[in-house]
Amino acid sequence: MDILYVTPLWSGLSDIILDGKTEAKGMPAFIQPLKRLINQGHRVDFIIFHSYIPQDYNINASWLKDSPVFFTKWGLSPVERFSSPFNLYKTIRQVLKQKKYDFIYGHGSAGAIANIAANRHKIPCGLRLYGTFLYPETTVYSRKRLFIKHPLEYLAFRLEKSFLLITNDGTKGDKVYEYLKPDKEFYIFQFWLNGFDKFPPSTGCGVNELHLEKPYLLYPARISRWKRQHLAIDLLQIMHKKKFKLHLYFVGHLTETDYWQEIVKKIEEYHLDEYVHYLGTVEPGELGNLNINALAVLSLYEYSNLGNVVIEALSQGSVVLSLNDGSLTNIIEDGINGFLVDNIQEAADRITTLLTRPKLASEICHKAQQQALELFKTWDQRTDEEIQLIINAIKK
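Let me begin by describing the structure that accompanies this report. Quantities reported herein were computed from a predicted structural model and do not represent experimental measurements. (Residues numbered from 1 in each chain as written. Predicted model: local features only at pLDDT ≥ 70, side-chain atom pairs only at ≥ 80, totals over all residues. Heavy atoms only, no water.)

**What about the overall build of the protein?**
Stage number 1. Helix and strand counts for the protein stand at 15 helices and 13 strands.
Stage number 2. Its C-alpha atoms give the protein a radius of gyration of 22 Å, within 12% of the compact-globule value 21 Å for 396 residues.
Stage number 3. Taken along the three principal axes of its C-alpha coordinates, the protein extends 65 × 45 × 45 Å.
Stage number 4. Split into buried and exposed, the 396 residues of the protein put 55% on the buried side.
Stage number 5. In the protein, of all internal contacts separated by at least 6 residues, the share reaching a separation of at least 24 is 70%.
Stage number 6. When the accessible area of the protein is evaluated, it comes to approximately 18300 Å², of which 49% is carbon and sulfur surface.
Stage number 7. Of note, the protein has its 46 positive side-chain charges centred 7 Å away from the centre of its 44 negative side-chain charges. (Helix = DSSP H or I, 4+ residues; strand = E, 2+ residues; numbered from the N terminus. Rg over C-alpha atoms; globule rule 2.2 N^0.38 Å. Buried < 20%, exposed > 50% of the residue type's maximum accessible area, 1.4 Å probe, protein only. Contact = heavy atoms within 4.5 Å. Areas by Shrake-Rupley, 256 points an atom, 1.4 Å probe, with all protein chains shown as cover. Lys, Arg positive; Asp, Glu negative; His and termini not counted. Charge placed at Lys NZ, Arg CZ, Asp CG, Glu CD.)

Rendered as structure tokens:
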């Protein structure tokens, strides 16, 4: 198959397109199906929209070297936000004049532009959303009002296509679909959990080689305001007041430098400089080692906590501590296979329990992994199902 991907520059994609990494260190839900498609012999070209157009590429991932990449600017100023969709559409039209594609795959809400172009050229297409922030607004706004406020995401649900696939990450994409779906069934709707990697052996340095201080808390997520790493600093401060001198390690892409500076300031105010560490991005095997050696893996997101961090940590048999926002209700049972808390004080109480009851951690870890293997599919299984959606769309 010849497939055209129209996508934002996700963190994991940036790793292998611009930074010369051989493996992506983020967005497995995007990377895993893409890599499997190419390794199966299908040809994938890219149109990537981003706030800037890089002058050069640095592709060292062997499986990606034969894939052409076209960049188009997606500006952030008020004027550019209006013009960028038209520029993206123009770029898609230009690429379609150069080559015939069997399928067009739009990613993110701006993938709706690819949907429009595909329909115009009568090419099968699908749309992939990695969660949604629309649900709270569907409870207060009419569909017309939502179109005015969020035209691209609105169109993502309304336009005719082969399928719409949304990650079941706790942001209630299924509820948004029920509210915005077209009156006529134009497409197949799928609402899937992410998968997990079987814990690979570390190919780089492990916990000992990283010289980590134990016991430690781990927060694996890109540094972004809605990921709320600052709450982990508050938690650490409470633990230190309780005389438990824990360490805290952050792992992930640094995507919002202004937010990170706020975190650094908070660390200094609490005099926790010696106890908070940022490791950047690490290899999957190294992250697995970090997870299973942590006292607890934290996920304190604002919108939903049913993401890759939690799925991977549970499948590896780690103690997960997350907020009781409803997204993990059917995944974690508090105190049995993880912890769900309503606030940071409760989080501190749970961590104190772990420190004073050593056997509890091993019991939780065992039950966490056991439950995860029943609930989640491996990425191999999950990506095969996604590729089959594409194959079915082309056959139809």
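From this point on, the discussion continues.
**Comments concerning the packing of helix H3 (residues 78-98) against helix H4 (residues 111-121)**
Stage number 1. At a minimum axis distance of 9 Å, the contact between H3 and H4 shows a crossing angle of 40°. In terms of their interaxial angle, H3 and H4 are classed as oblique. Once H3 is placed against H4, the crossing between them reads as right-handed. On H4, the residues that touch Pro 85, Leu 88, Tyr 89, Ile 92, Arg 93 and Leu 96 of H3 are Ile 113, Ala 114, Ile 116, Ala 117, Arg 120 and His 121.
Stage number 2. Along the lines of polarity and charge, the residues of the contact of H3 with H4 split into nine nonpolar, one polar and two charged. (Axes fitted to C-alpha atoms, helices over the stretch in contact; angles between N-to-C directions. Parallel < 35°, antiparallel > 145°, perpendicular 65-115°, else oblique. Left-handed = near helix turned anticlockwise from the far one by under 90°. Nonpolar A, V, L, I, M, F, W, Y, C, P; charged D, E, K, R; others polar.)

**Here's the deal with the sheet that holds strand S2 (residues 43-50)**
Stage number 1. Spatial ordering of the open sheet is given by S3-S2-S1-S4-S5-S6-S7, a layout of seven strands whose pairing is parallel. Unpaired on one side and paired on the other, strand S3 (69-73) and strand S7 (188-192) mark the two borders of the sheet. On average, each strand axis in the sheet is tilted by 15° relative to the strand beside it, whichever way the strands run.
Stage number 2. As judged from the seven bridges shared by strand S1 (residues 2-8) and S2, these two strands associate in the parallel manner. Bridged to Pro 8 within S2 is Phe 49.
Stage number 3. Seen against the sheet, helix H2 (residues 28-39) touches S1, S2, strand S4 (103-107) and strand S5 (125-129) and runs at an angle of roughly 160° to S1. (Pairing = 2+ DSSP bridges.)

**Focus: a negative patch on the surface**
Stage number 1. Side chains of Glu 268, Glu 269, Asp 273 and Glu 274 sit close together on the surface and give a patch of like negative charge.
Stage number 2. Among the secondary structure elements, Asp 273 is positioned in the loop between helix H10 (257-269) and strand S10 (276-278). (Patch = residues over 30% accessible without salt bridge, like charges linked within 9 Å, V, L, I, M, F, W, Y side chains within 5 Å. Salt bridge = Lys/Arg side-chain N within 4 Å of Asp/Glu carboxyl O.)

**What about unusual backbone geometry?**
Stage number 1. With an omega of -5°, the peptide bond running from Lys 214 to Pro 215 counts as cis.
Stage number 2. Mapped onto the elements, Pro 215 comes out in the loop between S7 and strand S8 (216-220).
Stage number 3. Backbone geometry places Lys 172, a non-glycine residue, at a positive phi of 65°.
Stage number 4. Accessibility expressed as a relative area gives 39% for Lys 172, which makes it partly exposed.
Stage number 5. Positioned with a positive phi, His 271 is a non-glycine residue whose angle comes to about 60°.
Stage number 6. Its location among the elements puts His 271 in the loop between H10 and S10.

**Here we look at the packing of aromatic side chains**
Stage number 1. Going through the model one piece at a time under the given rule, you end up with 23 aromatic pairs.
Stage number 2. Relative to Phe 30, the ring of Trp 10 has its centre 6.4 Å away and its plane inclined at 55°; by these criteria the two rings are tilted. With Trp 10 in the loop between S1 and helix H1 (11-17) and Phe 30 in helix H2, this pair connects stretches of sequence that are 20 residues apart. Comparing Trp 10 with Phe 30, the two get one shared label, buried.
Stage number 3. Residues Phe 250 and Trp 260 carry aromatic rings whose centres are separated by 6.0 Å and whose planes lie at 85° to one another, so their mutual orientation is edge-to-face. Of this pair, Phe 250 sits in strand S9 (residues 247-251) while Trp 260 sits in helix H10, and the two are ten residues apart along the sequence.
Stage number 4. With a relative accessible area of 0%, Phe 250 lands in the buried category.
Stage number 5. Among the aromatic residues, those joined into a ring-pair cluster are Tyr 5, Trp 10, Phe 30, Phe 46, Phe 103, Tyr 105, Tyr 130 and Phe 163.
Stage number 6. Looking at Arg 145, its charged tip hangs above the ring of Tyr 141, at a distance of 5.6 Å from the centre. (Phe/Tyr/Trp six-rings, centres within 6.5 Å; stacked < 30°, edge-to-face > 60°. Lys NZ or Arg CZ within 6 Å of the ring centre and 35° of its normal.)

**A word on the pattern of salt bridges**
Stage number 1. Per the stated rule, a full pass over the model turns up 18 salt bridges.
Stage number 2. Bridged by salt links that share partners, the residues Asp 2, Arg 43, Asp 45 and Lys 99 form one connected network.

**So, the packing of helix H13 (residues 344-356) against helix H14 (residues 358-375)**
Stage number 1. Between H13 and H14, whose axes approach to 4 Å, the crossing angle comes to 110°. Considering their axes alone, H13 and H14 lie roughly perpendicular with respect to each other. Within the contact between the two elements, H13 uses Thr 353, Leu 354 and Thr 356 and H14 uses Pro 358, Leu 360 and Ala 361.
Stage number 2. For the contact of H13 with H14, the class distribution of residues is four nonpolar, two polar and no charged.

**Focus: the sheet that holds S8**
Stage number 1. Pairing is parallel across the open sheet formed by six strands, whose spatial order is S10-S9-S8-S11-S12-S13. The open sheet is flanked by S10 and strand S13 (339-341), the only strands paired with a single partner. Sheet twist, expressed as the mean angle between neighbouring strand axes with direction ignored, is 25°.

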